Each structure stands twice: as structure tokens, then as C-alpha cells.
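What follows is each chain in one-letter form.
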Amino acid sequence: MAWEDDWRRVRAIAKKDLTTELRAKAGFNGVASLAVTILILLGLALGPDADALRNAAVGAVWLATLFSGVLAFNRSFQVELESGALEPLLLYPGPRWTIFAGKLLANFTFVSLMVAIVMAAGIVLFGITIPARWPMILAVVALGVVGLVVLGTFYASMASRSRAREVLLPLLLFPMLVPVLLAATTASKALLGADLMHEAGAWTRLLIGYDLVFLIATFIAFEHVIEA
Amino acid sequence: MSSKPDDQLMLDSGLSSETRTAPPPRTSVLFGFIAFAALIAAQVFSILTSPAEGDMGHLQKIMYVHVPAAWMAFISFFVVLAFSVRYLWQKRENDDLLAASAAEVGATFTGLTLMLGMIWGRPAWGVWWVWDARLTSTLVLFLIFVGYLALRAFVDDAEQRARWSAAVGAIGAINVPIVYMSVKWWRTLHQPPSSPATLDPAYTMGLRLNAIALLLVTIYFIRKRYEIARLERAVEHLAEAAAMGGK
Amino acid sequence: MARLLARAPLRAPHSMYNGQPDQAIDARGIGRRFGIRWVLRGVTFGVGRGEVAALLGPNGSGKSTVLRILGTLLRPNAGTATVNGRDIVAQAASVRGQVGYLAHTPGLYDDLTARENLLFAADMLGLPHASVDGNLARVGLGEVAGSRVRGFSAGMQRRLALARLIMRSPSVLLLDEPYANLDENGVELMNSVIRDVIASGGAALLALHELAPARAILDRTLTLIEGRIATTNSERAVRERASLATV
């Protein structure tokens, strides 16, 4: 059954990415540490007034996530490029979208873990009180992470193989993530407060639409960009 | 080095018929003249016939370039989307060159829109920049174009460059309405929009004329840029034929 | 010495280019450039079923590029090629299923163990996990199956890459410097794998910069100079093997 074979490939790639990254010395720990460091620097740059920090908290968490996320995405293709493993990977039978799907799963796991750590640090450093509606906030964050991972993985598949990959990935990715950034931060801020204008629902729907549109678009486009 | 004529070189080299391209198109100089003349005429007409606006006086007339320029940027982006998708579908090199030409022209018009918006804004609002919906969306659009052009600059292999920019161009173009919508929501919930494009009926005629004239200019620019790109590719193909056919 | 005498009987020398549709490898006018440098400028040759051919040439002559193009990892800028009658561009997926490509770099995951690397390959190939240990033993890595590849020597990595290649059951081998970093046992292992493929009606193309380890199995040599096949020698290979046999 072709679908089972493909799903097997997706799981194999996700498992391989997760295993190699967790075993690599400077892997996930480095990226998560960087995210928290950026958060601390933002706190220093925007503070020390407690009110200012509280207002800036959501934005700071997302910025720290974005900047470290770029590293994580480049790394997910770095592992293939370092040892020349991309060529054998492309020579296996089966559709290419399985490679994309496997990497998406692995990256989603990593970035979710990282976001959890950064949020915890943000709550502490920026003085957030956790509201009753925190599950909704988690849902918004999860949807934001999906958008980030989908586009980040997609652009990294190209940027990691070009010259100036450190510049090219953020340059391509960040303008595209503007809707995610606006939606996630505005909805989160609303939910942290009273959400007087009931805007969180509208922003959540925007995020869902965004995620669906780009999930489909990148799946279709990946086939064309993964070849050398 | 072989002394065969170029055509013979290309045939001998066994290049597929797709790479043996038709001669690059010639953009009519007359068309260029007409386009620019139309633009000048439309500008003169608008400046002379429109009344001074209440608050901003004659500064409002900057809209006659600013607004059409924004529209041209969006049209260019749509051209990029159309030909990027077509390239991914049919892999015809000319589609990639046309998309890239439209992207360059679109980036220029986006930059122009931003500059004019800021020039209008300084006397009107007292500051060089406000985070209003239209300006901010245009800025993000500009960055998406810049990313597309940067990608092209960093990839050397022509076929890979075409595939990658087609994917990036198409996906970037899909995001344009989403960016616009999200920035608008972000602003309108907190502040009413303000920009120089107030559509008082006294201005619409001039606006339409300028839009049509600028459209002609845009078409001329894109075609000219495309012609240059085709010439560059033709030179590369000759070099290819020489490398393959010569001894 | 006894091993050399006991190898497969000599095959009749093939002509430089047969042009038969059922060739294992049939390359015509392959051209490839990187930037403005044309590495391959019209490579034309054929490898028949049951044949082992060596591609010789100085460093940077494009031997690896030829293999990568035939293995569908790179697209040619000019020319066409078929592997087992299937076009490398139009039927790339089908070609991939037939070909076993061994690159110069091992292409393994350093942080996974030898067994995990092959288990991953088994998952990607749709093979049962049980086959992995047998292949590890065949290449002499049974003892270190649970060790991470990062600690392996270059020769061990090449053996593991060979095990992965065997799992694909290829009918056409494209081997880039297959004997690099291999000791005498490793060379014999490589040759035995090649012989197995040949015995099942397959073919092999080896990119080499020295002939010595392959002399026992070679039928033909092709020399790549300035992007073209300059010479093809079956007589010389025959003579060399004959002279070795009489020592």
C-alpha cells in the first residue's frame, strides 16, 4: 500500500532528524539557550519599568522564537549537507513530499519545545500573570508555531544550499511571517487582558487560514525546490 | 576555436529545440514614447484641473503618482505570480525571465510608492513614517520583492534559480492579500486609517488617467527588461554552443 | 595470483559507441556547466549489459559530474542519456530505482549508529528491518553495528555506504572512486559486489584515478579530457590483464 510506505518514510525521516539533533552536541540545547538569551537581552533593552516589560512581553517572546527558529531551520538541512547525505536521501524511491513532511514534524517538535521554554522564561522575566484563558493562548501559540515551521522549513530547504544562507533565510522568511506575528501577538495580548473587542477569535481564524494555505502551497512547491 | 556560424554551432551541439530560442523580442521605441507622453499629459491634466484640497493644499496632488504606483506594484506582483506558476507547470525559461522582469519593475514601483508616501507624510502628519495599514503593507510587500531578488542573486545555476524563484515568487504573491488584511486589522482596531488616497469625485478622473498612463509605462518597462533578459540568455546559449561545438 | 587467474573470462572488446537502445548506459552529447565554466562539453559513450567500464581523467575533469548526471542527481545542460533504456530526465524516478550510486563522500548520518543508518535506508526503501543485519555482516561491520558512524574510519564508512547500496539491489552501478580508503579486503569486497551485479545482467561504471584495484574486473576504460571522452581502450585493459596473468 503506497500510503503506508509513504507514511513509513515520513516517520523515518522525522525520527532520524529528532535523533540526530538530540545527539548532536550543540544542537537543541544551543538553540534553546540562544532563545532565552535573546529574551534576556530584550528585557534589558526594553526595561526595567515593569509595565513596559509587561506590554512588551508577548512581542519579545515571539521575536526570540523567530530569531532562534531561523537557526533551527537551517540546521535541519545542515545535517544532510554536512556529510553529503542529501544526495542519498534524494535517491530513495517515493514522493518528495515525504521528506518535507518528516522534517516538518521534527521541526514542529523542536520549535514547540523551544517556545515552551521561552514562554516559561518570559512569564518569569517579564512578570506575566497567567490568565484563566491560558489554553486559548496555547492554541494561538501552537497555530503560530505551525505557520513558522511550515514556511521556515520550506525556505530553509533552499537557503541552506545557497551562498549567504544566514542572511537569505531571515530575509525570505521574516516578511512572509508578518501575518503570523501580528495575529499571534495581538491575539495573545488580548487573551492576556480582557479581550474587550473579541478580536482573539478573528485572529485565530486568520491563523488557521494562513496555516492551511501555506501548508498546501509549500507541499506542492517543495517537489520543485528540493532537486539540486 | 571553430569558425562555424553561430546557428550551425547551436545545431551541431545537439541542444534541444527549447534552448534554441527564437530571437528576443524588440520593444517598440514608439510605444515607449507614447507611454511617457501619456504619463506627462495625465500628470499635467491632473495638476491643472484638480482643486487644492482642504487641509493639505496642493500636496494632495502627490497622490496622482503615489496611488497609481501602488496599483502598478500590485499588478506587477500578480504578473510575477502568474508566470511563476506557469513556469512551475511548463518549465519554459522565458516564463522565468518574464517573472523576474516583473519583479524588478514591481520592486521599483513599490519603493516609489513608499518614498512618495513618506514625502507626503512629512508635511501632512509631521513625521516621516506612521504605521498605517497601507504604508506598512507596502513596506512588507517591498521586503518580499527584495527577498525574491536576493534569492536570484545568490543562485548561480540558471535552472535551479528559475525553479526556486518561481516557488518563492508564487508563495510570496499568495501572501500579499493576507499581509494586507492582517495589517489592516492590526491598525483599524486601534486607529482609523489615514492616507493620501481620499477619493473625492473631483480627483477620480485624474487618478484614472494617471493609472492608465502609468500602466502603459509599466508595460513598457517590463517588456524592455524582459528583452534585456532574453538577450542575456541568448548570449549564454551561444557560449554554450561554442563550448560544446568548438574543438 | 590464483584469484586473478580464477576471475571471469575475458570479454571481446566493445566498439567505442554501439548506439543500441538496450544499452545499460547510453550517453549522447552530455553537457554541463557550473557558472560560466563548462565542465562537460559533449560526453558520448555507452556501457553495455554485463560490462564494467572505468571513467578515467585528471582531477576536476568532470568524472563525478558524469556519474551524478547519470544518477539523476544533476540535470544536464545539454544532451540526453538513458539508463536501461529510460531517459534520465523524463523518467528520472524509474532510473533511480535501477541505479546504485556510490558517492565520493559517504553521505551517512554521523550521529546515528551503523545499524540505525541502514534501518533508515530500509524504511526509505520499503524493505523489512530484518535484512539490515545480514548486510552489515556482508560488509564486515557486524561487530560495530551499534557504534556511531562518527567514530568510523573512512574505510568503514565506505563499507557502510556499500551496504546501503546493496540493499537497493541495483542493476546499474555508478561508483565514484570506490576503492578510496579501502584495504585489500575492502577492495575484494567491492569487486565481489560488482561481480554479483554483473552476473545478474547489470553493468558498472567506475570513476577512477588509478586503475590498479579494478584491473581484475575491468572490461573497458574511457578517458575524460576537457569535457569529452578522448579515448576508449579495451585493448589496453586486455593487455594489462594478460600481462598480469603471465607473471
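The shown structure was predicted, so the numbers you read here are calculated from the model rather than taken from an experiment. (Residues numbered from 1 in each chain as written. Chains lettered and ligands numbered in written order. Predicted model: local features only at pLDDT ≥ 70, side-chain atom pairs only at ≥ 80, totals over all residues. Heavy atoms only, no water.)

Peer 1: Would you mind going over the interface of chain B and chain A with me for this structure?
Peer 2: As a measure of interface size, the accessible area lost when the parts come together is often cited. Taken together, the contacts link 29 residues of chain B with 32 residues of chain A. The contact between chain B and chain A buries some 2800 Å² in all, and 78% of this surface belongs to carbon and sulfur atoms. When the buried area of chain B at its contact with chain A is split by residue, Phe154(B), Trp164(B) and Ile171(B) rank highest and sum to 24% of it. Remark: the boundary between chain B and chain A carries one salt bridge. With a shortest N-O distance of 3.2 Å, Asp156(B) and Arg163(A) are connected by a salt bridge. At the surface where chain B touches chain A, the tally comes to seven residue pairs in polar contact (both at pLDDT 80 or more). (Contact = heavy atoms within 4.5 Å. Buried area = accessible area lost by both parts, 1.4 Å probe. Salt bridge = Lys/Arg side-chain N within 4 Å of Asp/Glu carboxyl O. Polar contact = N/O pair within 3.5 Å; in protein donor to acceptor, adjacent residues only side chain to side chain.)

Peer 1: Honestly, the sheet that holds strand S3 (residues 52-56) of chain C in this entry has me stumped. Any pointers?
Peer 2: Paired through backbone hydrogen bonds, the strands of a sheet run either parallel or antiparallel to each other. All names here are of chain C. An order of S6-S7-S8-S3-S9-S10 is seen for the six strands of this open sheet, with the pairing classed as mixed. Because the sheet does not close on itself, it has two edges, and the strands there are strand S6 (99-102) and strand S10 (228-233). The average undirected angle you get between the axes of adjacent strands in this sheet is 20°. In this structure, strand S7 (residues 172-176) lies alongside strand S8 (residues 203-208), joined through five bridges in parallel fashion. Paired with Leu174 across the bridge in S8 is Leu205. Along the sheet, helix H7 (residues 184-199) makes contact with S3, S6, S7 and S8, crossing S8 at roughly 145°. (Pairing = 2+ DSSP bridges. Helix = DSSP H or I, 4+ residues; strand = E, 2+ residues; numbered from the N terminus. Axes fitted to C-alpha atoms, helices over the stretch in contact; angles between N-to-C directions.)

Peer 1: Before we go on, may I ask you to explain the packing of aromatic side chains in this structure?
Peer 2: Two aromatic rings are characterised by how far apart their centres lie and by the angle between their planes. Within this structure, the stated rule accounts for 22 aromatic pairs over all chains. Among the aromatic residues, those joined into a cluster by ring pairs are Trp3(A), Trp7(A), Trp97(A), Phe100(A), Phe154(A), Tyr155(A), Phe219(A) and Phe222(A). Sitting over the face of the ring of Trp186(B), Arg187(B) holds its NZ or CZ atom 5.7 Å from the ring centroid. (Phe/Tyr/Trp six-rings, centres within 6.5 Å; stacked < 30°, edge-to-face > 60°. Lys NZ or Arg CZ within 6 Å of the ring centre and 35° of its normal.)

Peer 1: Any chance you could explain the sheet that holds strand S2 (residues 37-47) of chain C here in plain terms?
Peer 2: Residues and elements named next belong to chain C. Strand order in the open sheet made by the four strands is S2-S1-S4-S5, with antiparallel pairing throughout. Where the open sheet ends on each side, the last strands, each with one partner, are S2 and strand S5 (86-87). Two strands pair when backbone bridges link them, and strand S1 (residues 25-34) and strand S4 (residues 78-83) are joined in this way by five bridges, in the antiparallel orientation. Considered in S4, the bridge of Arg28 is made with Thr80. Contacting S1, S2 and S4, helix H2 (residues 63-70) crosses the sheet at an angle of about 65° to S2.

Peer 1: Explanation requested: the confidence of the model for chain C in the structure shown.
Peer 2: Any region with low pLDDT has predicted coordinates that should not be read closely. All names here are of chain C. Mean pLDDT over chain C stands at 86; residues scoring 70 or higher make up 85%. Contacts from residues 1-19, a stretch scored under 50 in pLDDT, to residues over four places away or in other chains number 29 contacts. Scored by ipTM, the complex comes to 0.90, with pTM at 0.87. (pLDDT = per-residue confidence, 0-100.)

Peer 1: Could you clarify how one ought to interpret the nonpolar core in this entry?
Peer 2: The nonpolar side chains of a soluble globular protein tend to be buried, and buried together. Counting residues in hydrophobic clusters, the biggest one holds 177 residues, and the most contacted among them are Tyr155(A), Phe45(C), Ile194(C) and Leu205(C). Setting aside anything within four residues of it in sequence, one finds Tyr155(A) in contact with Leu169(A), Leu172(A), Leu173(A), Met176(A), Val168(B) and Ile171(B). With 19 residues, the next largest nonpolar core counts Leu39(A), Ala72(A), Ala121(A) and Phe126(A) among its residues. (Core = buried A, V, L, I, M, F, W, Y, C linked by side-chain atoms within 4.5 Å. Buried < 20%, exposed > 50% of the residue type's maximum accessible area, 1.4 Å probe, protein only.)

Peer 1: Would you take a moment to explain the packing of helix H8 (residues 178-192) of chain A against helix H6 (residues 158-188) of chain B for this structure?
Peer 2: Helix-helix packing is described using two parameters, namely the angle between the two axes and the distance between the axes. With their axes 9 Å apart at the nearest point, H8(A) and H6(B) run at an angle of 30° to one another. One finds that H8(A) runs roughly parallel with respect to H6(B). When the axes of H8(A) and H6(B) are compared, the crossing they make is left-handed. Across from Val178(A), Pro179(A), Leu182(A) and Thr186(A) in H8(A), the residues of H6(B) making contact are Asn175(B), Ile178(B), Val179(B), Ser182(B), Val183(B) and Trp186(B). When grouped by side-chain class, the residues that make up the contact of H8(A) with H6(B) number seven nonpolar, three polar and no charged. (Parallel < 35°, antiparallel > 145°, perpendicular 65-115°, else oblique. Left-handed = near helix turned anticlockwise from the far one by under 90°. Nonpolar A, V, L, I, M, F, W, Y, C, P; charged D, E, K, R; others polar.)

Peer 1: What is the right way to look at helix H7 (residues 165-176) of chain A in this model?
Peer 2: Residues that lie three or four places apart on an α-helix share one face, since the helix turns once every 3.6 residues. Its twelve residues give H7(A) an end-to-end C-alpha distance of 17 Å, which sits within 8% of 16 Å, the value for a rise of 1.5 Å per residue. Restricting attention to buried positions, one finds in H7(A) the residues Leu168(A), Leu169(A), Pro170(A), Leu172(A), Leu173(A), Pro175(A) and Met176(A). (Expected span 1.5 Å × (residues − 1).)

Peer 1: Please explain the packing of helix H2 (residues 28-46) of chain A against helix H5 (residues 97-126) of chain A as it appears in this structure.
Peer 2: Residue and element names in this part refer to chain A. Contact geometry for H2 and H5: axes closest at 10 Å, N-to-C directions at 30°. Accordingly, the angle class assigned to the pair H2 and H5 is roughly parallel. Note on packing geometry: the crossing formed by H2 with H5 is right-handed. Note on element contacts: H5 touches H2 through Phe110, Leu113, Met114, Ile117, Val118, Ala121, Gly122, Leu125 and Phe126, opposite Phe28, Val31, Ala32, Ala35, Val36, Leu39, Ile40, Leu42 and Gly43. Partitioning the contact of H2 with H5 into residue classes produces 16 nonpolar, two polar and no charged.

Peer 1: Would you mind showing me how to read the interface of chain B and chain C here?
Peer 2: Listed as interface residues are 15 residues of chain B and, on the opposing side, 14 residues of chain C. Taken together, both faces of the contact between chain B and chain C bury some 990 Å²; the carbon and sulfur share is 46%. Of all residues in chain B, the largest losses of buried area upon contact with chain C belong to Glu240(B), Ala243(B) and Met244(B), amounting jointly to 46% of the total for that side. Applying the counting rule to chain B against chain C returns three salt bridges. The salt bridge involving Glu236(B) is made with Arg33(C); its shortest N-O contact spans 3.4 Å. Taken together, the connections running from chain B to chain C amount to two residue pairs in polar contact (both at pLDDT 80 or more). For the side of chain B that touches chain C, the secondary structure elements donating two or more residues are H6 and helix H7 (201-245) of chain B. In terms of residue count, H7(B) provides more of the side of chain B that touches chain C than any other element does, seven residues in total. Broken down by class, the residue content of the side of chain B that touches chain C amounts to five nonpolar, three polar and seven charged.

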